[in-house]
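# Coordinate inspection notes
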Amino acid sequence: MTALVEHIVNPTLIEARERPELIGGGFFAWAREKLFYSWLSSLTTLVLLAAMAKVGISLFQWAFLDAVWSVPAGPQGPITDSCRALGSGACWAVIREKYRFILFGTYPFEQHWRPAIVIALFVGLFVVSAMKRFWRIELAALWGLMLLLIGLLMWGGIFGLTFVSQANWGGLALTLIIATIGVAIAFPLSVLVALGRRSDLPFIKWLCVAYVEVIRGVPLITLLFMASVMFPLLMPEGVNLDKLVRAQIAIILFFAAYLAEVVRGGLQALPKGQYEAAYVLGLSYWQTSRRIVLPQALRTVIPPLVNNFIGFFKDTSLVLIIGLYDLLHSAQVAVAEPAWQGFGVETYIFAGLIYFAFCFAMSRYSQWLEFGLNMLRHR
Amino acid sequence: MIAETDPTTKATAVSIQKVNKWYGSLHVLRDVDLDVAAGERVVICGPSGSGKSTLIRCINNLEEHQQGKIVVDGIQVDHNIAHLDAIRREVGMVFQSFNLFPHLTVLENCTLAPMLVRGVARPDAEAQARAYLERVRIPDQANKFPGQLSGGQQQRVAIARALCMKPKIMLFDEPTSALDPEMVKEVLDTMVSLAKDGMTMICVTHEMGFAREVADRVVFMDHGQIVESGSPHSVFGQPRTDRLKLFLGQVLREH
Amino acid sequence: MTALNNDIQAHNRRATMLGSFVSNVAVRRFIWQALAALALFGSVFWLAANLHHNLAARNIASGFGFLTREAGLPIAEHLIAYTPADSYFRALLVGTLNTLSVAFWSIILATILGTAIGVARTSKNWLLAKLSSIYVDLFRDVPLLLQLFLWYTILQKLPPVRQALNPVAGVFLSNRGLSFPVVDWQAAHGWTLLAFVLCLLATTLYAKRASRKQLEEGRAKSFWPVAIILLVIIPLVVGFSLGASTNLDMPQPKGFNIRGGVTVSPEFFALLVGLVIYNAAFIAEIVRSGLESVGRGQHEAARALGLHPKNILTWIVFPQALRVIVPPLTSQYLNVTKGSSLAVAIGYQDIVSVATTSMNQTGQSIELVGVIMGVYLTISLSISLLMNIYNARVALVER
Ligand SMILES: Nc1ncnc2c1ncn2[C@@H]1O[C@H](COP(=O)(O)OP(=O)(O)O)[C@@H](O)[C@H]1O
Ligand SMILES: [Mg+2]
C-alpha cells in the first residue's frame, strides 16, 4: 500500500529513503535518483525496459527489417505477392503507390499541384495565426483572402484553371477545408451564442441555452445524418444543396456549440468590475462587449480554444460515414482494390501520422500558450 | 513580561551542526551551526534567497540536508521513519501562505491531525481546538471554511492548528509577509503571546519590532551562511559586517 | 462646448418626441425578443411546411406508427430476446441496450486504465512517467474513428478459429472475436451474486463507519478481517449451501465456430478496445491534473503536522483532487457514450446503427433521427443532473 501511495503523492514531496551519496551530475547518479531510488522503482524500471525491448524489437522488425518498400508492376496493376509472403512485415509499398490518392482523393491526377498548394497555404495560415505578433484585425482579412484563394485553386474555372467540382475534392486537402471553414465560421457564431447565453433577455438566453445543450448532448454523427437525410426533406422542392455543403453546415453548428461554452467560460471569468466600469463610463452593450469584454475574455480562453480545435480536426473524420472522401476515407478506400486489399493497417498508420502531426503541434502550442499565460498571471 | 531564559542551563531543543545542503549544484546551506535552547526565541533574518526557509524546513525534514547533523528534542533527523514521525509531532510549523486545508472547516483543520496522529478522541480534540481558537481570538469562526476568512484570520487558524498538536517547538516561515499591513499586527500579537508563555520559537521574519520585543537571539543569514548572531540590540544596533548593514538599510527603508 | 450642448439638446428633443417610446428600456427589450421569436418561429414554420410538402410528395406517412411494425432486421448481439420478427420498437430498444452496454464497459475499463496512467504520469520514476506521457500524446492526437478502423482491421487479421490464439487456458482470440469461459448459470449463482453485492454494500458502509470511528476514538480498527468475511466467506457459504456448481462452460473451437463459453464479436471487441484506449488517454490527463491541483503547500502542511502518507492521501489529497477530477471526468464519460455511436462505422449494432438501418427500410428519417437524439439527450441530461447534484454537494465555500 505504501508503495502505491508513494507513486500517488506528488513525487517531489516523497521522503527519499536513500540519500544520494553522490552530489553532482553523471548518468549513474541520474539513473539512481530517477530510476532506481527504491526497490519498487527498480523493479518497475526493469519490467518496463523488458517490455519495451520485446515490443520495440518486434515492431521494429515489422516496420523496417521485414517491411516491403516497393512491389513490381504487372500488366494488371501491381504484383503484391511479396507483401503477402509469409513472414513479411509492413507493406509500405501501398503508401508509395497510394499516397497521392490519400492526400488528394479523386482530384484529377495531373491537377494535384493545386490541392498541394492549398495544403501548404493552410499550414502557412495556421503558422501565421499562431504567432502573437500577428494577432491584429488584419489577420481576419488575411483569413478571408486566403479562403478565397483556396476556393479559387480548388474549384478553378477561371485564369485558365480547369473546373473541378467539389465532388472530386478529397484527402488531406478536404479534411483541412472542412476543419478550417468550420472553425472560421463557427467561431464568430459561438461568440454571439455565448453573449446570448449571458444576456438578460430571457427568450434569447433560453434559445442559446437550448441550442448549446442539445447539440452538445448528441453525437456529431446524428447531426451529420440530419444533414444528409433530413436536410433535403426540410428544403423547398428544387433546392438541392451539395453533400459537402450540408456536412459543412452540420459541422459548423456542432463546432459553434462547443466553442460557445469555451467563450462563455472566459466571459464568466471576467470580474464584474469590468462591466461596471464600462457601464459608468456610459458605453452601450455592444460597445462594452466589443471593446472591453471580448478582448479580455477571448485572450484568456485561447488555450482551451486550441484544445477544442484539436478535437474538431479529429472529428472531421466522421464525414466519411456520410460518404465524403476526407483523409481517413481516402486511406480506407486506397486499399479497396483487390491488389491492395488487406493492407489497411499501413494506410491507417500513414493517415494517423498526418493527423498526429497536426494535433500534436496544436497541443504543444496550446501548452506553451498556457505556460505563458500562467507566467503572466503569477507576475 | 517575557519569561527569563538562560540558554546555558536549559536543555537544547534544536541542535544544528555543520549542516550543508545543495540543490543540484547550488550550495544553499554552508556549514550552518545553530543551537536553540528550550524556551528560547530565535529570529532569523536575511535577504531573500539566503537559505532561511531551507534551514528551518530541514529541522522538520520538509527538506533533507546532505551533510551535518540536526538533533531535535534529542532525536536525530535521519532516515528513520520513527524518528521523523516523532520529530513532526514535536515541531509545529506556520507557513507564509497559510496552507490551510480548503475543504475542511476551521475546526476540522484543527482537529484532523490530533485525531489521526495523536489518536485524540473527537470530543477532546474539538474542545482543545476551540480552546486554541479562543486563544488566537477567533472562537466564533470555528464552523466556517478557510476561504471565508481574511488573511490574518487564516494565519491565526494556521497557528491554532499547529498548536493543537501540542508541539514543543514552533517554526514560523515569514508568517506575516503575505498579509496586508493592517492584519500583520493581529498575527504578531498572537505570536508575542505565545512567546510569553515560554514556547520555543524559531521565526523567519523581517519584523524588527517583533524581534526586539521577544527575540532572545537574532540570526542574520546570507548566502547560506550564518553571518552574525546575537541579541536584537547588538545585531540591529551595532552591525559588524557590511552585508548586515546593507540589509538593515534596505529593510528599514521598506518599513 | 456649444456644439456639445446643441447635440444634447437635439438629442433630448428627439427623445421627447418620437424616441421616448423606442428608447424605453422595457420596450426595447421586448422588441429584441419579439424579433428573435419571430425569426425562430418563422423558420420553424417554413421548415415544417417544406417537410409536409416533401413527405406528401414522397408518400411517407409521418408519425411513430411504424414502431409497432415488424422490423425484419437481424441484430447479431442482443442483451434481451430478439428476432427479426420483432417490432421496430424492440429493435431500437436492443440497439439502445447495446449502446449502453458498450459504453458501460468502456467507461469502467477506461477509468481503470486512465487512472493508472494518470497516476503513473506523476511518478518519480522517470521511465514510467515518460512512457505514460507518450501514451497520452500518441492516443489522444489520432482520431477515434481511425483507431477503431485500425483495431478492427487488426482483429480481422487474427487467425481463423482453427488456429485461434490461446494466450491463457480457456481464452481464444480469433477472427470470430474473443471467447472466454463462464460458469454454467444457475439460480444459486444469482443468489451468490446477490449476497456478494449486499456484502459489498455492507463493506463500504462498514469502511465509512470505521474511518469515522477512527477519528472519534482515535484508534484504528482493523478493517480487513471484516472485509474478508463479508466479501469472500459469506458469498462462498451462500454459494455452497445452495449447491452452486463450479463447472466452467469452456469455449471449444469446433470447426469454423467456437462452442461454449461466451464470445464477443470482433465488432464489439474493436469498439471496446478503441474506446478504452482513446478515452483512457483523456482520463489520464484529468486524473493527473487533479492530483497536481493539490498544491505543494497542502502536502507540506500535512507533513509538518505529522500526517502519514496514507492519511495525507485519504484526508487531504483525494478529497481536493476529486473536486477537480469529477466534473471533467463526467463529461468524458459523456464523450465515451457519444463516441460509441461510431459503432455504425465498423458494424456493431448500437442505437445509431439500428436506427439508420430502419431509416433505410422505412424512410422515417425524421422520427428515427429524433429517436437517436432522444436516447442520447436522455443519457446526457441524466449524467449532467447527477453531476450538478455532486458539484453542489462538494463545492468549496469561498468568501
Ligand atoms: N526546491 C528547490 N529547488 C532548487 N532550488 C531551490 C529550491 N528551493 C529553494 N531553492 C533555492 O535555494 C536558495 C535558498 O532558498 P530559500 O531557503 O527559500 O531562501 P529564503 O527563504 O531565505 O528566501 C534560493 O536560491 C532558492 O532559489
Ligand atoms: Mg523563504
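The rules we used
- Residues numbered from 1 in each chain as written.
- Chains lettered and ligands numbered in written order.
- Predicted model: local features only at pLDDT ≥ 70, side-chain atom pairs only at ≥ 80, totals over all residues.
- Heavy atoms only, no water.
- Helix = DSSP H or I, 4+ residues; strand = E, 2+ residues; numbered from the N terminus.
- Rg over C-alpha atoms; globule rule 2.2 N^0.38 Å.
- Buried < 20%, exposed > 50% of the residue type's maximum accessible area, 1.4 Å probe, protein only.
- Contact = heavy atoms within 4.5 Å.
- Lys, Arg positive; Asp, Glu negative; His and termini not counted.
- Charge placed at Lys NZ, Arg CZ, Asp CG, Glu CD.
- Pairing = 2+ DSSP bridges.
- Axes fitted to C-alpha atoms, helices over the stretch in contact; angles between N-to-C directions.
- Phe/Tyr/Trp six-rings, centres within 6.5 Å; stacked < 30°, edge-to-face > 60°.
- Domains from an automatic or database assignment.
- Buried area = accessible area lost by both parts, 1.4 Å probe.
- Salt bridge = Lys/Arg side-chain N within 4 Å of Asp/Glu carboxyl O.
- Polar contact = N/O pair within 3.5 Å; in protein donor to acceptor, adjacent residues only side chain to side chain.
- Nonpolar A, V, L, I, M, F, W, Y, C, P; charged D, E, K, R; others polar.

## Thoughts on the overall build of chain C
The secondary structure content of chain C amounts to 13 helices and seven strands. Taken over the C-alpha trace, chain C has a radius of gyration of 30 Å; the compact-globule value for 399 residues is 21 Å, which it surpasses by more than 25%. Seen along its three principal axes, the alpha-carbon backbone of chain C occupies a region of about 95 × 75 × 45 Å. Here chain C, with 399 residues, has 44% of them falling under the buried criterion. In chain C, the proportion of contacts linking residues at least 24 apart, taken out of those at least 6 apart, comes to 66%. Considering chain C, the positive charge centre built from 30 side chains and the negative charge centre built from 17 side chains are found 7 Å apart.

## Section: the sheet that holds strand β6 (residues 91-94) of chain B
All names here are of chain B. Within the open sheet, the six strands sit side by side as β6-β7-β8-β3-β9-β10. Their pairing is mixed. Sheet topology places β6 and β10 (225-230) at the edges, where each strand pairs with a single neighbour. Between one strand axis and the next, the sheet turns by 20 degrees as a mean value, whatever way the strands run. Bridging between strand β7 (residues 169-173) and strand β8 (residues 200-204) involves five bridges; their strand directions are parallel. Bridging across to β8, Leu-171 finds its partner in Ile-202. Contacts between helix α2 (residues 81-90) and the sheet are confined to β6 and β7, with β6 contributing the most and set at about 60 degrees to the helix.

## Details of the packing of aromatic side chains
Residue and element names in this part refer to chain A. For the structure shown, the criterion picks out 27 aromatic pairs over all chains. Here the aromatic rings of Phe-356 and Phe-360 are separated by 5.1 Å at their centres, their planes lie at 15 degrees, and the arrangement is stacked. Of this pair, Phe-356 and Phe-360 both sit in helix α16 (residues 344-378), four residues apart, which is roughly one turn of the helix. On the basis of relative accessibility, which here comes to 24%, the residue Phe-360 falls in the partly exposed class.

## Structural notes on the pairing of strand β2 (residues 177-180) of chain C
Put simply, side chains in a regular strand alternate between the two faces of the sheet. Residues and elements named next belong to chain C. The sheet contact formed by strand β1 (residues 172-174) and β2 spans three bridges and is antiparallel. Bridge pairing in β2 links Phe-172 to Ser-179. Counting the residues between successive antiparallel strands, the hairpin from β1 to β2 contains two residues.

## Thoughts on the domain arrangement of chain C
For chain C, the assigned domains are domain 1 (2-54) and domain 2 (88-184 + 247-394). The straight-line distance from the C-alpha centre of domain 1 of chain C to that of domain 2 of chain C is 50 Å.

## Here's the deal with the interface of chain B and chain C
Contact residues are listed per partner, giving 33 residues for chain B and 28 residues for chain C. Across the interface of chain B and chain C, roughly 2700 Å² is buried in total on both sides, 60% from carbon and sulfur atoms. Inspection of the chain B/chain C interface yields one salt bridge. The interface formed by chain B and chain C holds eight residue pairs in polar contact (both at pLDDT 80 or more) in total. Where the side of chain B that touches chain C is concerned, the elements lending two or more residues are α2, β6, α3 (106-118), α4 (122-135) and α5 (151-163) of chain B. Of the residues that constitute the side of chain B that touches chain C, the class distribution is 19 nonpolar, eight polar and six charged.

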